[in-house]
Amino acid sequence: ETGVTQSPTHLIKTRGQQVTLRCSSQSGHNTVSWYQQALGQGPQFIFQYYREEENGRGNFPPRFSGLQFPNYSSELNVNALELDDSALYLCASSLLGMGGLGSPLHFGNGTRLTVT
Amino acid sequence: TQLLEQSPQFLSIQEGENLTVYCNSSSVFSSLQWYRQEPGEGPVLLVTVVTGGEVKKLKRLTFQFGDARKDSSLHITAAQPGDTGLYLCAGAPGNQFYFGTGTSLTVIP
């Protein structure tokens, strides 16, 4: 069983630039969720994709966008980077359809983004 | 803004002591999960609770889901240095999980 992998592990960008983060889901999972985590705090829900469609969104502006591909891998795109976007970005895959109850999230180790 | 508030935010205890972490919300959840996260890694699932009043035990860890499904607690008995980490609760009002503010636990040998 292949776990969730994220790339790159670290990234440094300049304010105003654009960034794309990538995630490969665990095999057999059909849903991917993206989270932003500041140091020492809980992850903040950005959005979720199910069968290539956005299936829910947290309180993040439109410059945060995503894609899910037929093989269930995913991308998170952030345009017009701001200093406050510096954080750990986590991807989690899960299996939706199990009654929608308690399907565990399987996380990657994240991408550490620094915006200068 | 996070739906779930955890307390305490930080906890530093001696090996062998007991502790309780709380997770509270004004929202009702269809299920609630607890995760532990270590530095440089993603959160790892500890337990899922789905029924109000449910109690689950995982070795020295005891998890309880509130009767109204709005809150939960995690109790650790005889803490060990290996328990050190960031403990996160996560609730699902629907199909998406929202995480709590986190409790950073340090167990001193």
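The structure under discussion appears in the preceding block.
Residues numbered from 1 in each chain as written. Chains lettered and ligands numbered in written order. Predicted model: local features only at pLDDT ≥ 70, side-chain atom pairs only at ≥ 80, totals over all residues. Heavy atoms only, no water.

### Points about the pattern of salt bridges
All names here are of chain A. Let me state the cut-off plainly: A pairing counts as a salt bridge when a side-chain nitrogen of Lys or Arg comes within 4 Å of a carboxyl oxygen of Asp or Glu. Elements are defined by DSSP. Helices are runs of H or I of four residues or more, strands are runs of E of two residues or more, and each kind is numbered from the N terminus. Three exposure classes are used, based on accessible area relative to the maximum for each residue type with a 1.4 Å probe and protein chains only: buried under 20%, partly exposed in between, and exposed over 50%.
Under the definition given, this model contains seven salt bridges over all chains. The salt bridge involving Arg22 is made with Glu75; its shortest N-O contact spans 3.5 Å. With Arg22 in strand S3 (residues 19-24) and Glu75 in strand S8 (residues 74-78), this pair connects stretches of sequence that are 53 residues apart. Overall, Glu75 belongs to the buried group, its relative accessible area being 15%. Close ionic contact of Asp85 with Arg63 constitutes a salt bridge, the shortest N to O distance being 2.8 Å. Of the two residues, Asp85 sits in the loop between S8 and strand S9 (87-94) while Arg63 sits in the loop between strand S6 (53-57) and strand S7 (64-68), which places them 22 residues apart along the sequence. Taking the relative accessible area as the measure of exposure, Asp85 reaches 3% and is therefore buried. Judged by its relative accessible area of 16%, Arg63 falls in the buried class.

### What about the nonpolar core?
Where we set the bar: In this text, buried Ala, Val, Leu, Ile, Met, Phe, Trp, Tyr and Cys residues form a nonpolar core when linked through side-chain atoms within 4.5 Å. Between two residues, a contact is recorded if the distance between any of their heavy atoms is within 4.5 Å.
If you look at the biggest cluster of nonpolar residues, it comprises 20 residues, and the most contacted ones within it are Leu19, Leu32, Trp34, Leu74, Ile76 and Leu105 of chain B. Of all elements in the fold, only strand S3 (19-24), strand S4 (31-37), strand S5 (44-49), strand S7 (61-65), strand S8 (71-76), strand S9 (85-92) and strand S11 (103-108) of chain B reach the threshold of two or more residues within this core. Leaving out residues up to four positions away in the same chain, Leu74 of chain B has contacts with Leu19, Thr20, Val21, Trp34, Leu61, Thr62, Phe63 and Tyr87 of chain B. Phe60, Leu76, Cys91 and Leu113 of chain A belong to the second-largest nonpolar core, a separate cluster that totals 19 residues.

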